[in-house]
Amino acid sequence: MRGKAIEAAWRGQAECLGCGIRETALFADLREQDFALIHLPIDEIDFEVGTALYHVGDPGQAVYTIRSGLVKLVSYLADGGQRIVRLLRAGDTAGLEALLGLEYEHTAIALRQTATCRIPREVVTRLSENTPRMHAQLMQRWQRSVQQADAWLTRLSTGNAKARVARLLLLLREGQGGEQCMLFGREDMGAMLGVTTETASRIVAEFRRTGILTEVGQNRYDCDVEALTRLADS
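On a predicted model such as this, the values are computed, not experimentally measured, just so you know. (Residues numbered from 1 in each chain as written. Predicted model: local features only at pLDDT ≥ 70, side-chain atom pairs only at ≥ 80, totals over all residues. Heavy atoms only, no water.)

A. Examining the nonpolar core more closely. Leu87 and Met192 are the most contacted members of the largest nonpolar core, which totals 35 residues. Every element with two or more residues in this core is listed here: strand 5 (82-88), helix 4 (132-156), helix 5 (161-176), helix 6 (186-193), helix 7 (197-209), strand 11 (220-223) and helix 8 (225-232). Counting residues in hydrophobic clusters, the runner-up holds 15 residues, among them Leu53, Tyr64, Ala94 and Ala110. (Core = buried A, V, L, I, M, F, W, Y, C linked by side-chain atoms within 4.5 Å. Buried < 20%, exposed > 50% of the residue type's maximum accessible area, 1.4 Å probe, protein only. Helix = DSSP H or I, 4+ residues; strand = E, 2+ residues; numbered from the N terminus.)

B. Broad picture of the packing of aromatic side chains. Inspection of the entire model under this criterion finds 3 aromatic pairs. On the numbers, 5.8 Å between centres and 40 degrees between planes, the contact of tyrosine 54 with tyrosine 64 is tilted. Note that tyrosine 54 is positioned in strand 2 (residues 52-54) and tyrosine 64 in strand 3 (residues 62-68), a separation of 10 residues in sequence. As far as burial versus exposure is concerned, tyrosine 54 and tyrosine 64 are alike and both buried. Ring pairs connect the aromatic residues Phe47, Tyr54, Tyr64 and Tyr104, which therefore count as one cluster. (Phe/Tyr/Trp six-rings, centres within 6.5 Å; stacked < 30°, edge-to-face > 60°.)

Right under this line is the structure:
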């Protein structure tokens, strides 16, 4: 996979100008002349479900722009358990701590088939030093990541278990558009919400039984948004 990604790297760079998520990606505010500052390959890498973009403690050598898919950031606890601290979707950036020369703070794992652009730290640093637009974009990314972390703690780590599951479903629906959402393993849901796998499974089953969730495909559900909103506010 790595060799194939390297072969596509320069093509990937050239396609930055026409990227389908350009307006939300890390290079959103760059102009054509700014790309002349890029002298290292930008790898286009796909990750299968369950594979890691990077692991906690790895040297931070690159940041990753999520082109499509869903990525969980995992923090491992002293007792061997894990806690999912954030979800990243198309347009989000993973591994920003690498820009400070730090090791990765979390393990980033694909929850769905995920397409990324792997951008070497040196590329982003060079652009930031020479392009005010890039520096401003980075500051916005830092601020967004802080806001996401705060929102995660507020929305998904407080209240009763049923309210937490409802909030997660609403969050996943926001990422899909419309009134549908895609679920994933109950173990991951429990790790996101700070509840047991059994509790997450029981609540999802109850939501299906009462019509709050209606399965329309594999792990894809129509959501009763009004009912979920009432539960989320309880």
